[in-house]
Amino acid sequence: MPETMPTCTEMGLAPDLRKEAYRRAYGENSNNRSMPGRRHKRYWRRRVRLRIRFLNGDPSLHWRVEEAAMAWRSCANVSFVFGDDPDAEIRVTFGEPALWSYVGTDALLVPAGQPTMCLGVLTPLSDDSTVRACTLHAFGHVLGLTHEQLGATGWGDDLTDAVAAFAEEIYGRDRTAWHREPEMTAAEEPTTGAGGGSQESFTITPPAPVPTPELSEERIRLDVATPAQVYVDEPFDLAVAVRQPDAPVLAIDDLPEVLSEEGSVFRPADEAVIKYRIEVTGPDCTVKPSHYEILLRKGANSPPRYFQVTPHEAGKQTIIVSAYQQDEAVAAQTRVRIEVLISAQTPAPTRTPLVMTSLAADPLKGLKGPLVDELCKLAVTDSSLGRSSLLDGIPGADSLNRDENIRRLDLDLIVTQLAQLGRLSGGQMAIAKLIDNALPYASGYEIEERLRAIQQQLE
Ligand SMILES: [Zn+2]
């Protein structure tokens, strides 16, 4: 369970649409008929296939949301098809720092092109458990579950038994997701001798062995990329990607050191995606997050996942990257392990005086990192245009040295240069103005408090 969960809003339709909403809901599933004094239900029909389209947002988040949403498939007889279908029933925006969704079939009444769900509380920096919790919750609404049914405290990065049972009651259980469970396989097989009614001919046959699904082996390669130089107590990025053996080696700016190891995964013939887990540990390091669970598609390279590693001791350090298919039967056979040897340096002597002078004269008082971190979490900084909008009212903002493509770098450049600008003619610090412009986008979230705290410390 993530530490803090954002507030979620169940979006409601305008009153003049409710009659039509009921007509559509009833047409979709006759269990939705209204009861006196109660709001009509908004479930989809069983075996519904819902198309889901992301209207914007970071591609790495799309992937993670898709992975998390799949958990519903294991208890509900529905399928989510992610893609770019213009007629997608469910349309997801990341355009505002909020969490909301229409409930069930109400989504059918939302005008085409308009979002039916907002996951803007998530950013590429959100940890896995937050992504999972928000996604599972929001897709609960997609399936027609209200807060009452999801449970007031139903936030978690896994579906609770109660919620899963509820979804099963509405949609039935998705048998394909359980086909490897012996008792289900047995129940689905025609029982010889049972239909004929001839008791005499009944013979006890030994239970048939549970058929193992046909597995095909696929070769993959794990790539791990790290910076050339790392320093004690300074976090650095470590990127891990699962790639095809013949794909070019992972190439990421600032992470030139790449280690690779080949391995295998085993895919049941009927599975489009298989679950794969990547863990990173280091004896004298802090690693965030500790692991990712990703989905592997046949023949596809996964986008890189980023771990933030902070070495706490100087000298040689071993960081262990371990990855395996998340299926008990094959986990051991599929494990790939890479040891990354890094040499963590204490900031070099030549650097020290520089750091000290710049600290003394640092108008940001060491707050640059935290400020850039917070700004990165806002959906508005996702685009270069959005970042420019935070410069409103700051003279000379047009002439700043910028990087349009890399969010963090761009924000870093903006913050550094604004700090050098000092105060605006009105007496306010340029940086404080930037924070002012950012605050409306953080309104009501913890980011708002942290931004205000930074702003106070600057003055
Ligand atoms: Zn909700």
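Given the structure is predicted, the values throughout are model-derived calculations rather than measurements. (Residues numbered from 1 in each chain as written. Predicted model: local features only at pLDDT ≥ 70, side-chain atom pairs only at ≥ 80, totals over all residues.)

**Some details on the packing of helix H12 (residues 430-442) against helix H13 (residues 446-458)**
A pair of packed helices can be characterised by two numbers: the angle between their axes and the separation between those axes. Going by this rule: Angles shown run from 0 to 180 degrees and are taken between the N-to-C directions of axes, each axis being a line fitted to C-alpha atoms and, for helices, limited to the stretch in contact. Runs of H or I in DSSP of at least four residues are treated as helices and runs of E of at least two as strands, each being numbered from the N terminus. Orientation is classified from the angle alone, with under 35 degrees giving roughly parallel, over 145 giving roughly antiparallel, 65 to 115 giving roughly perpendicular, and any other angle giving oblique. Crossings are classed by handedness, with left-handed meaning an anticlockwise turn of the near helix from the far one by less than a right angle and right-handed meaning a clockwise turn. In this description, any two residues whose backbone-derived C-beta atoms lie within 7 Å of each other are considered to be in contact. Under the grouping applied here, Gly and all other residues not named as nonpolar or charged are polar, the nonpolar ones being Ala, Val, Leu, Ile, Met, Phe, Trp, Tyr, Cys and Pro and the charged ones Asp, Glu, Lys and Arg.
Interhelical geometry of H12 versus H13 gives an angle of 165° and a closest axis separation of 9 Å. What the angle tells us is that H12 and H13 run roughly antiparallel. The way H12 lies across H13 gives a crossing that is left-handed. Across the interface between the two elements, Ile-431, Ala-432, Ile-435, Ala-438, Leu-439 and Ala-442 from H12 touch Ile-447, Glu-448, Leu-451, Ile-454, Gln-455 and Leu-458 from H13. Of the residues in the contact of H12 with H13, the class split is 10 nonpolar, 1 polar and 1 charged.

**Focus: helix H9 (residues 368-376)**
Cut-off, in case you're wondering: The burial criterion counts other C-beta atoms lying within 10 Å of a residue's C-beta, which is placed from the backbone; the residue is buried at 20 or more, exposed at 12 or fewer, and partly exposed between these limits. Working definition: the arc comes from the directions between the helix axis and the C-beta atoms, pointing outward to the latter.
Those residues of H9 not exposed but buried are Leu-371, Val-372, Glu-374 and Leu-375. Seen along its axis, H9 keeps its buried residues to an arc of 160°; they face one direction. In this fold, the buried residues of H9 make contact with helix H11 (407-421), H12 and H13.

**Description of the sheet that holds strand E2 (residues 49-54)**
To be explicit about the condition: Pairs of strands are assigned from DSSP output, requiring at least two bridges between the strands.
With mixed pairing, 6 strands are arranged side by side in an open sheet as E1-E5-E6-E4-E2-E3. A strand with exactly one partner marks an edge of an open sheet, and here the two such strands are strand E1 (8-11) and strand E3 (79-82). Direction aside, the axes of adjacent strands within the sheet are offset by 25° on average. Where E2 meets E3, 4 bridges bridge the pair, whose relative direction is parallel. Its bridge partner lying in E3, Ile-52 is registered against Phe-82. In this fold helix H3 (residues 128-142) packs onto E1, E2, strand E4 (90-93), strand E5 (99-102) and strand E6 (117-119), with an angle of close to 20° to the strand it touches most, E5.

**Overview of helix H2 (residues 59-69)**
Buried within H2 are the following residues: Leu-61, Arg-64, Val-65, Glu-67, Ala-68 and Ala-69. Tucked inside the fold, the buried residues of H2 contact E3, E6, H3 and strand E13 (291-297).

**With respect to unusual backbone geometry**
Here the bond from Lys-288 into Pro-289 is cis, since omega is -15°, no more than 30 degrees from zero. At Asp-233, a position not held by glycine, the phi torsion is positive, near 60°. Within the secondary structure, Asp-233 is located in the loop between strand E8 (230-231) and strand E9 (236-243). The class for Asp-233 is partly exposed, based on 13 C-beta atoms found within 10 Å. Phi at Asp-254 takes a positive value of approximately 70°, unusual for a residue other than glycine.

**Notes on the pairing of strand E16 (residues 336-345)**
Bridging between E8 and E16 involves 2 bridges; their strand directions are parallel. Bridge pairing in E16 places Val-230 opposite Ala-344. Across 9 bridges, strand E15 (residues 315-325) lies against E16 in antiparallel orientation. Following the sheet pairing, Ser-322 is matched in E16 by Arg-337.

**A closer look at the confidence of the model for the protein**
Inclusion rule: Known as pLDDT, the predictor's per-residue confidence is scaled from 0 to 100.
Of the residues in the protein, 86% reach a pLDDT of 70 or more, and the chain-wide mean stands at 82. pLDDT under 50 marks residues 175-211. Its contacts with residues more than four places away, or in other chains, come to 13 contacts. Contacts from residues 350-360, a stretch scored under 50 in pLDDT, to residues over four places away or in other chains number 3 contacts.

**Concerning the sheet that holds E9**
Taking strand neighbours across the sheet as the criterion, the 5 strands line up as E10-E7-E9-E14-E12 in an open arrangement whose pairing is antiparallel. Two strands bound the open sheet, and with one partner strand each, they are strand E10 (257-268) and strand E12 (285-288). Going from strand to strand, the sheet's axes swing by 25° on average, the running direction of each strand aside. Pairing of strand E7 (residues 215-226) with E10, which is carried by 12 bridges, proceeds in the antiparallel orientation. The residue bridging Ser-216 from the neighbouring strand is Arg-267, located in E10.

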